[in-house]
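# Remarks on the overall topology
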Amino acid sequence: MKNIFIPAIICFASVQLNAQWSNTSNLFTDSLHMPVCAAAGTQENTVSVNSYPDGGYFVIWEDLRNNNVTKIFIQKFDKDGRRLWADNGVPVSAGTNRQHYTFSISLFQDYRNRKVAASDGAGGVYICYIDDSITNYLWQRMCIQHIKSDGSAVFPGAGFVAAQTPSNENYTFNAPQLVADDNSGIYLSFIKTNITDDLYLFCYKDDGGTMKMIGGGIANQNAVQKTEPGPCLPVTSVDYPGSTVIDYNIWPDLQGNCNLVMQLNGNGKQGRMLAYNKLWKAKQDKPVAIKVFNASTFNTETQIINYKKGDVDILYKLRTYSWNKSCGSSEALIVWTDQFLISNGFLQLAQGGYDYNFPKGVTVTTPGNINVDIVTSLDRLLNANNTLTNSTVKAIGIRAEKYAAVPYQRDDNNDPFFGYNTNPPAGINKLNYFNDTLFTSGIGFPDYWLAGGGNQIYTAILNPEPGQFRERNMRLQHLSVERKTADSFALNITTNSEKGVLIGSEKNTGFGGTAIFYDFPIVTVNNNGNALFHIREDGRYIRVSPIINGTELSWGAVGKPIGTPLFNGSFISPQEPVVSLDPVDGTGIVSWQDNRNVQVNTGSNVFMRHLDNINLVGYAPATKKIQLLTAGISTAFPVMLKGSSKQYSTVDAYNTTTGTVSPVIEILDNFNLGAITANVFQHTGPIRTFNSKPYLNRNYTIKPENDPAGNPINLKLFFTNAEFDALNTADPGIINPGNLVVIKQANTNATVPAIYTPISGEITIIPSTWGTVDGGYFIEVRITDFSNFFIQKGSGTLPVTWLGIQAQWKNNTQATINWQVANQVNVKDYTVQKSVDGNIFTNACTIAATAAESYSCTLDANSRSINYYRVLQKDLDGKISYSQTIVVQASTHRLLTVYPNPVADKLYISSTEKITAITITDLQGRLLQQPLLGNNNYISVSQLTKGIYFIRLSADDKIQTIKFIKK
């Protein structure tokens with residue numbers, strides 16, 4: 001699609017690459033997408049990484065601009081969106097071979113699940129990649145490059161080669177991954193494949209242009225105990241079958257270390273296993289005493305290991321001991337040595353399943369002295385009849401000590417017959433046992449997503465479930481770690497369901513214009529636990545939304561489209577979106593590859609969009625401009641509503657003449673309506689009339705996949721200024737949309753009529769409210785079924801115009817509801833209604849109408865749960881209307897304030913509740929302090945260096961995080 005030369009677009013790309021963010025108000029139009037790279041050839045497989053400490057972003061991609069040989073390029077943008085490096089990016093290395101990071105040991109796992117780049121903490125970035133062999137493109141070199149803040153590469157040629165097959169050997173290396181450590185270095189992992197696999201995990205640091213290996217080793221050393229008949233007694237020995245690494249992932253543990261989870265095959269000895277290990281650093285000097293058994297003397301001896309601060313070591317190691325034995329008479333004495341396995345080279349989490357696919361892990365923090373590692377895998381079992389069970393995602397919780405010097409597993413060990421210390425230190429917090437299913441089982445073999453931050457964990461999956469074939473269900477699951485008692489924490493599924501929340505489904509209509517298919521659901525979470533969902537809807541656009549209240553998408557069903565599905569008259573196909581979130585200010589970026597027309601070449605380019613107000617409660621992006629549609633019938637783009645977001649979801653239509661996309665309706669997503677079919681008839685001639693009464697030159701026919709069965713549905717109908725002005729010209733008594741009504745007619749076949757013709761059973765609905773939007777207006781009605789909708793002048797006027805409604809905490813137990821109105825006509829009173837689920841409301845307080853335009857009511861509220869509110873207006877003749885529904889939840893209730901901010905020495909804390917724990921972390925989520933609050937209600941931060949930090953306070957089961965600046 002990029003073979004059309006369009007000079008204006010080339011100019012636009014050149015300007016934008018040097019500009020600031022194209023927009024910072026979430027106006028999601030194609031013209032505001034920023035090109036990252038528009039070079040010749042294909043650019044694909046984007047990755048984005050935050051830059052510390054400057055708040056910028058790196059966008060990385062694989063590039064085929066040079067003779068169709070894949071190279072890796074990178075671009076940096078500062079926090080204001082200015083491009084910092086060369087036009088179309090800089091190459092990662094000067095190597096002449098093919099380089100890539102997407103090829104992996106598991107072809108089924110999405111490459112975005114693997115970490116290949118990380119900030120160096122000084123405005124630069126590390127990246128790992130594969131450099132194919134010098135001659136035959138068979139052997140692969142594991143490479144690292146360090147790109148400094150000015151865009152220059154530290155290591156010449158192909159980059160720093162961490163592993164390479166010697167010319168006289170047959171083993172190979174593959175599947176590198178990389179994460180940052182806490183000292184401007186990185187952890188690098190990769191697999192060496194020979195007869196069995198060795199999974200290496202090393203710590204490296206660029207020291208003035210020299211890459212130094214700090215420590216590490218093999219993380220999957222494997223052995224099994226076996227006993228065989230002997231000449232007079234059984235002989236015990238250790239067998240070393242090794243293991244095959246089927247798949248693995250690494251992730252940072254929030255203490256500057258690196259965690260690892262892997263699916264292993266025990267090579268006929270153990271079958272499939274899910275295993276865990278860690279590469280850790282000593283935080284302080286520490287001599288460690290370990291008891292070992294001496295087979296010669298039959299005594300235990302003490303071995304001293306002197307760990308020095310910064311030393312790096314594997315947590316779980318393979319260890320054995322020997323025992324000399326003999327039998328028989330003195331004339332025929334038989335002597336041998338028994339060997340015993342006292343610890344394997346990893347921690348086995350599960351065994352016996354058919355497989356444990358796509359293993360993943362994430363670490364979240366607590367205000368106590370532990371972190372929590374969550375390990376997941378897609379499990380399948382083999383039944384007795386040799387058939388496979390359906391697949392399901394399972395999660396295991398692991399308590400991780402926040403250690404002072406060395407992890408307790410590697411501390412003093414007085415048991416010579418066990419390979420590591422199994423006794424946690426006194427006073428370590430407890431964690432509940434967690435080994436649970438996260439989703440409904442599926443008949444497919446899909447990859448899934450796992451992410452976490454703060455104390456929040458999210459998983460997402462797109463999977464065919466029993467009864468489905470080509471259509472898959474999309475589910476979202478939410479977990480959190482909460483304080484249970486003074487010395488314990490619990491990892492819980494907050495949705496109270498092991499099925500996950502159904503947030504979307506695919507729809508196979510056999511026609512691309514109405515079918516709905518998705519790519520891969522991803523959730524990105526920053527250090528404070530703010531989460532953003534995003535996904536590609538095939539052939540259309542990328543959808544994004546913040547997540548609130550566990551699993552609700554606050555920007556509507558399956559998220560808000562950040563563009564349109566058509567560009568220059570053709571469907572576009574954005575691919576593989578990735579998101580990076582700022583840890584502080586509720587902003588981020590989404591980048592992707594796209595094949596829209598940008599210049600004379602073929603293939604895809606890389607684009608980017610800035611996202612704003614991600615963590616602003618109650619915020620939704622503005623509606624696109626309302627515009628006229630093509631004359632005649634327009635079929636809107638399909639939308640899937642599962643009732644899970646509880647937010648308004650927009651349905652757009654395309655004008656084939658002007659090439660513009662315009663919203664036509666919005667539906668409140670609080671009921672499982674399924675796929676929505678919406679057709680709009682656009683009349684472009686003079687105003688239409690029936691019996692000399694004018695009606696709007698636009699009418700709608702809406703048909704859902706599922707009947708709402710009498711449940712109330714909120715529907716907004718959009719029309720343009722020009723269409724309303726035509727009504728006003730035909731009837732000057734139509735002063736504003738408050739004078740309009742909606743005529744609803746039954747229509748079972750969803751064919752939109754060209755003109756209004758009265759039919760039996762039609763009803764007239766007085767809208768509950770109306771409002772202005774860019775380019776036009778909307779009127780909102782509350783309905784219980786769908787059909788034809790016409791708009792004309794009503795016999796009376798709306799009793800009130802809703803201007804706004806807000807809710808905020810007054811104190812720990814009360815919330816204040818405020819609302820503003822205009823054009824009050826014959827209004828009797830207003831009743832504030834409250835709900836705990838957003839569906840069933842009860843009356844809470846009633847206020848008589850006056851001439852005032854602002855009203856207020858204070859109600860009891862539960863600060864530990866979600867509170868829904870709306871206002872019901874009643875007219876003198878019994879007619880009613882409703883305000884918008886708003887939410888007050890525990891996370892919006894400020895437990896405390898901190899001052900002064902910025903602070904030099906003493907940070908004072910004002911709290912409404914008793915504080916049980918305090919932690920201070922940096923921008924990367926690393927724990928720096930766990931101070932106690934003294935009687936003077938302040939803590940000292942004088943020892944912190946200048947910069948931005950987070951203070952996290954806990955009171956009972958509520959947690960609040962506040963940013964502060966150390967000056």
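Quick look at the structure, then. (Residues numbered from 1 in each chain as written. Predicted model: local features only at pLDDT ≥ 70, side-chain atom pairs only at ≥ 80, totals over all residues. Heavy atoms only, no water.)

### Observations regarding the state of the cysteines
Scanning all chains against the criterion turns up 2 disulfides. Here Cys232 is linked by a disulfide to Cys327, with a sulfur-sulfur distance of 1.3 Å. Here the S-S torsion is close to -60°, and the disulfide linking Cys232 with Cys327 is therefore left-handed. Here Cys232 is found in the loop between β15 (224–228) and β16 (235–239), whereas its partner Cys327 is found in strand β23 (residues 319–327), with 95 residues between them in sequence. You can call Cys327 buried: its relative accessible area is 11%. Shown here is the disulfide that connects Cys845 with Cys857, its sulfur atoms set 2.0 Å apart. (Disulfide = S-S within 2.5 Å. Helix = DSSP H or I, 4+ residues; strand = E, 2+ residues; numbered from the N terminus. Buried < 20%, exposed > 50% of the residue type's maximum accessible area, 1.4 Å probe, protein only.)

### Remarks on the pairing of strand β18 (residues 258–265)
Of all 8 residues in β18, 7 are buried, a share of seventy percent or more. Sheet topology places strand β17 (residues 244–252) next to β18; 8 bridges connect them, and they run antiparallel. Note on β18: the bridge partner recorded for Asp247 is Gln263. With antiparallel pairing between neighbouring strands as the criterion, β17 and β18 make up a hairpin whose turn holds 5 residues, including Leu254 at a positive phi of roughly 70°. (Pairing = 2+ DSSP bridges.)

### Focus on the sheet that holds strand β60 (residues 801–809)
Across the sheet, 3 strands lie side by side as β60-β61-β64; this open sheet has antiparallel pairing. Each having just a single partner strand, β60 and β64 (854–860) make up the two edges of the open sheet. Between one strand axis and the next, the sheet turns through 15° on average, direction left out of account. Relative to β64, strand β61 (residues 814–822) is paired through 7 bridges, and the arrangement is antiparallel. The residue bridging Ile817 from the neighbouring strand is Cys857, located in β64. (Axes fitted to C-alpha atoms, helices over the stretch in contact; angles between N-to-C directions.)

### Looking at helix α2 (residues 721–730)
Turning to α2, its buried residues number three or more, namely Glu723, Phe724 and Leu727. One side of α2 holds all its buried residues, which, seen down the axis, span an arc of 95°. Structurally, α2 contributes buried residues whose contacts are with β50 (672–682), β52 (693–695), β53 (698–704), β54 (713–720), β55 (740–745) and β58 (776–783). (Arc of directions from axis to C-beta. Contact = heavy atoms within 4.5 Å.)

Shape is all these values report; function is a separate question.
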